[in-house]
Amino acid sequence: MSIPFLIIALVTLGAAAVAMALRNLIHSALLLVASWAGVAAFYLWAGAEFVAFAQVIVYVGAVSMVVLFAVLLTRRSRDDLAVAPESLGRALSALLAGGAVLGVLFGAVLATGLKVAPGPAPTVSVLQLGQQLMGPQVASLLVIGALLTVALLGAIVIASTDRDDVGASLDDARGRRQAAPLQEPEDTP
Amino acid sequence: MSAAATTDAFLERAPQLLRDAVTGFLPEPWRWIVNGIIAIAVILAVFGLLFAFLTLAERKILGRVQNRPGPNRAPTPTLPFLKFLGKIRTYGLAQPFADGVKALTKEDVVPRDADKLLHFLAPVALLAFSILTFAVIPYGRHLVPLELDAAVLYFFAAGASTELAVFMAGWASRNKYSLLAAMRALAQLISYELPLLLSWVPVVMLAGTLSTTGIVEAQAGWKWGFIPHWHVLTPWGFCGFVIFMVSALAESNRSPFDLPEAESELIAGHLTEYSGFKYALFFMAEYFGMIALSGMAITLFLGGWRAPLPFLEFVPSYAWFAVKLITLLLGFIWIRATFPRLRMDQLTRFAWKFLVPLALINLGTTTVWSLMAGSTALQIARWPICLALVVVPFVVIGRTLSAGVAPRTYRYAAS
Amino acid sequence: MLGTGLIQGLAVTAKNLVGSFHDPARYTTVEYPEVKQKLPEAYRNFPFLVAENAEDPMGTLRCVACLICEKECPPQCIYIVRERDAKGKVVTRPKVFDIDISVCMSCQICVEVCPFDAIKMDQEFEIATASRFDALLLKKEDLAKPNTYYHQIHPKEAAEVDAILAEQKAKAAATKAEAASKSEAAKATKPASATTPSPAAPRAEAPKPPPAA
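Positions within a chain are numbered from 1, following the residues in the order the chain's sequence is written. By the order in which they are written, chains take letters starting at A while ligands take numbers starting at 1. Local features in this predicted model are restricted to residues of pLDDT 70 or higher, and side-chain atom pairs are both shown and tallied only at a pLDDT of 80 or more, whereas totals for entire chains, interfaces and linings draw on every residue.

(A) Representation of the overall build of chain A within the structure. Under the DSSP-based scheme used, a helix requires at least four consecutive residues in state H or I and a strand at least two consecutive residues in state E, with every element numbered from the N terminus. Along its length, chain A carries seven helices and zero strands. Mapped in sequence order, the helices and strands of chain A form the string α-α-α-α-α-α-α. The burial criterion counts other C-beta atoms lying within 10 Å of a residue's C-beta, which is placed from the backbone; the residue is buried at 20 or more, exposed at 12 or fewer, and partly exposed between these limits. The burial tally for chain A puts 14% of its 189 residues in the buried class. Counting contacts in chain A only where the partners sit at least 6 residues apart, residues at least 24 apart contribute 52% of the total. Distance between backbone-placed C-beta atoms decides contact: two residues are in contact if it is within 7 Å.

Right, dumping it as structure tokens:
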């Protein structure tokens, strides 16, 4: 357990814990962003530069935007943003469910018997990563690419069908205006 | 001059020699730390001064374009026994320092119900991420602060994190107009993130590395003795360079994409509730972003610190970088003086419907270019093919997008 | 083609930038107060009283205190008190001539109605003061400026006024000479004694004004 590892772990877990505990949604979202940055720091500490920077670009740069926009666009007022458990029973059952998931994950990780590498981890260069992605792992890359494209197209389709009635009403207004143009005022004699 | 002669030339090695003279006596881990601190301090000092004089240059050039002088009245500070200093005419050179003093001494107004922590953190985070981007740009042959394998990705990762600070600024002001403007600014930043990233993918593809020093290495040499191998001098490189510069304009909120900070738009957008030093920090972050993106454009497309002609290699590499940087920054100012602001929907339309398809087609063009790198016949043939692949989509998409827009006709005004 | 308009725009701004260094049409700033712009001749700001010569401005004022400008001034910013001599008889000079320039609107009506071309419009605009009440009331001493100054600021107008005044003086002199010759002729034809006191004498002795108090 080296010092950098401890510090990064504390920051990541601490940010996540405080994010859970805070009532203000926006503060929670920003602390979650901090914990993602902590994960990126983990990758850096482990020597995976590419993954670390990709993590920052994707999570801190894009997913955080998604979360914040979603929070802001679905809450009507600032007071709505405070989140509190509705009752003790609900809080307890949430805790139990989360604890069960945590237990399963812990058990899985401990049971796989990951070997501790004898020496320093091999640094994988970006070139090797690219060759792996385009070679043995190309199938998963294509599947993920297709999935993301479908998601993007689906989002555009959903957004545009919502606008149909707005577009129709605009066309109606334009048609009415063209059919009966405004009368020019008569010059008073 | 051979490469060895230039790398050993005194002026080239002068920064290293200077640094080693100061820290050479320190033991090893301390020397690494102090070298790093010196690099950081030098970058902050140089780019801080560049920022100051860039604001002045912008105001004077904008003034001259608009038939007026820029600021030319700022006096030097005087003391009671040095009154003559106040009479010296500085032609505006003291203006940045006067502005700095003003920003520092202005009252820092924070709205009563504002989120104080976020309100304070937003300019700090913005500036921190903007400065982080300076770490991987090679300023000279031996002048890279940080040599990373995935340097280009690091640069854009740090740049993407600045968007978060914009949101924090708009949210923390507790002002619904600030929030709206922050949303619009975010939409702009995200829209132009995509063409920005897509425009350098061809460069990385052909250079074979994400490391900035590697990309500058890949642009070495001269074709026929006088045409440098810079990426901008190829069809796909020119297209990529133009897309990169336009997206850089939008990413740093610069005219004509300065909707977020224009005074006629929602006061000052997400900066409305900021005054004094925090406001100055926001502008510093914007200008640093501009400088960093120009530096990256130089690295990716303009050959970095390389001289344009072989006999000009005696000029040190950091001087060439400085010349190219100042040229690009003056280009930014020229563009600001010329073009009117784009509306929000025009902005996003331009990014998604024009720049992204062009950037994707550019990727294809680069592939064609690199596949035709065989015999000399192929190499000559690839020029017209790639030029066509760049120009035709530009014209076609341009025509399609401006299809319904004709020059305006007036009913009553005399022609 | 798309983009040609952009390039043309860039060329225009570049031309302006380069031209501002050598072409005065592309650098229109007048750096006031080091450089003052030349005012047009018809520019007017508050009025002033014309004095014939510069050595004795108070003594050679054209104003005869006819009070026409005081009556015609729309905001009534002129205050005149006529000079009276030792015996209380009115003398054609103003003792007090005050213009309140916080009220004056430079409408030039006083200039238009003055039959003696005694009050004309000045061009002074750098008269910002620090005190609100004292410095905004201009007295006779502040208002009196010589005819040479009038020539300086309104050359054409001053030349015309001088011509008119000279003409009037010539006509007055001509009629006086005619009247004198006629009276002499009348005196010559009249056989009466020369006991009539010549009426010219007392008027000739009409005292020229002492310096104003």
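(B) Layout of the overall build of chain B. Along its length, chain B carries 13 helices and two strands. Structurally, chain B occupies a C-alpha span of about 75 × 70 × 45 Å along its principal axes. Classification of the 415 residues of chain B by burial places 41% in the buried group. Long-range pairs, those at least 24 residues apart, make up 74% of the contacts in chain B with a sequence separation of at least 6.

(C) Fine view of the sheet that holds strand β5 (residues 137-138) of chain C. All names here are of chain C. Here, any two strands with at least 2 DSSP bridges between them count as paired. Across the sheet, three strands lie side by side as β2-β3-β5; this open sheet has antiparallel pairing. Every other strand in the sheet has two partners, leaving β2 (78-84) and β5 as the edge strands with one partner each. Examined bridge by bridge, strand β3 (residues 90-100) and β5 share two bridges and lie antiparallel to one another. Each bridged residue has a counterpart across the sheet, and for Ile99 the counterpart in β5 is Leu138.

(D) Up close: the interface of chain C and chain B. Contacts between the two partners involve twelve residues from chain C and, on the opposite side, 13 residues from chain B. In this classification, the charged set is Asp, Glu, Lys and Arg, the nonpolar set is Ala, Val, Leu, Ile, Met, Phe, Trp, Tyr, Cys and Pro, and all remaining amino acids, among them Gly, are polar. Tallied by class, the residues present in the side of chain C that touches chain B amount to five nonpolar, six polar and one charged.

(E) Layout of the packing of helix α1 (residues 3-21) of chain A against helix α2 (residues 25-45) of chain A. Residues and elements named next belong to chain A. Only C-alpha atoms enter the line fits that serve as axes; for helices the fit covers just the stretch in contact. Angles between N-to-C directions range over 0 to 180 degrees. Following both chains from N to C, one finds α1 and α2 inclined at 160°, their axes separated by 8 Å at the closest point. As summarised for this structure, α1 and α2 are arranged roughly antiparallel, according to the angle between their axes. Considering only the axes of α1 and α2, their crossing is left-handed. Touching Pro4, Phe5, Ile8, Val11, Thr12, Ala15, Ala16, Val18 and Ala19 of α1 are Ser28, Leu31, Leu32, Ala34, Ser35, Gly38, Val39, Ala41, Phe42 and Trp45, all from α2. Residues that form the contact of α1 with α2 fall into these classes: 15 nonpolar, four polar and no charged. With respect to orientation, any angle under 35 degrees is reported as roughly parallel, any angle over 145 as roughly antiparallel, any angle of 65 to 115 as roughly perpendicular, and every other angle as oblique. In this scheme, a crossing is called left-handed if the near helix is turned counterclockwise away from the far one by less than a right angle; it is called right-handed if the turn is clockwise.

(F) Region of interest: the pairing of strand β1 (residues 45-51) of chain C. All names here are of chain C. Most of β1 sits inside the fold, with five of its seven residues counted as buried. Where β1 and strand β6 (residues 144-146) come together, three bridges link them in parallel fashion. Directly across from Ala51, in β6, lies its bridge partner Pro146.

(G) Fine view of the interface of chain A and chain B. Opposite the 15 residues of chain A that make contact, chain B presents 16 residues. Broken down by element, the residue count for the side of chain A that touches chain B peaks at eleven residues, all from helix α3 (residues 49-74) of chain A. Of the residues in the side of chain A that touches chain B, the class split is eleven nonpolar, three polar and one charged.

(H) Here's a closer look at helix α6 (residues 155-189) of chain C. Here, expected helix span is obtained from the residue count minus one, scaled by 1.5 Å. The terminal C-alpha atoms of α6(C), which comprises 35 residues, lie 50 Å apart, in line with the 51 Å expected from a rise of 1.5 Å per residue. Along α6(C), only one of the 35 residues are buried, which leaves the element largely exposed.

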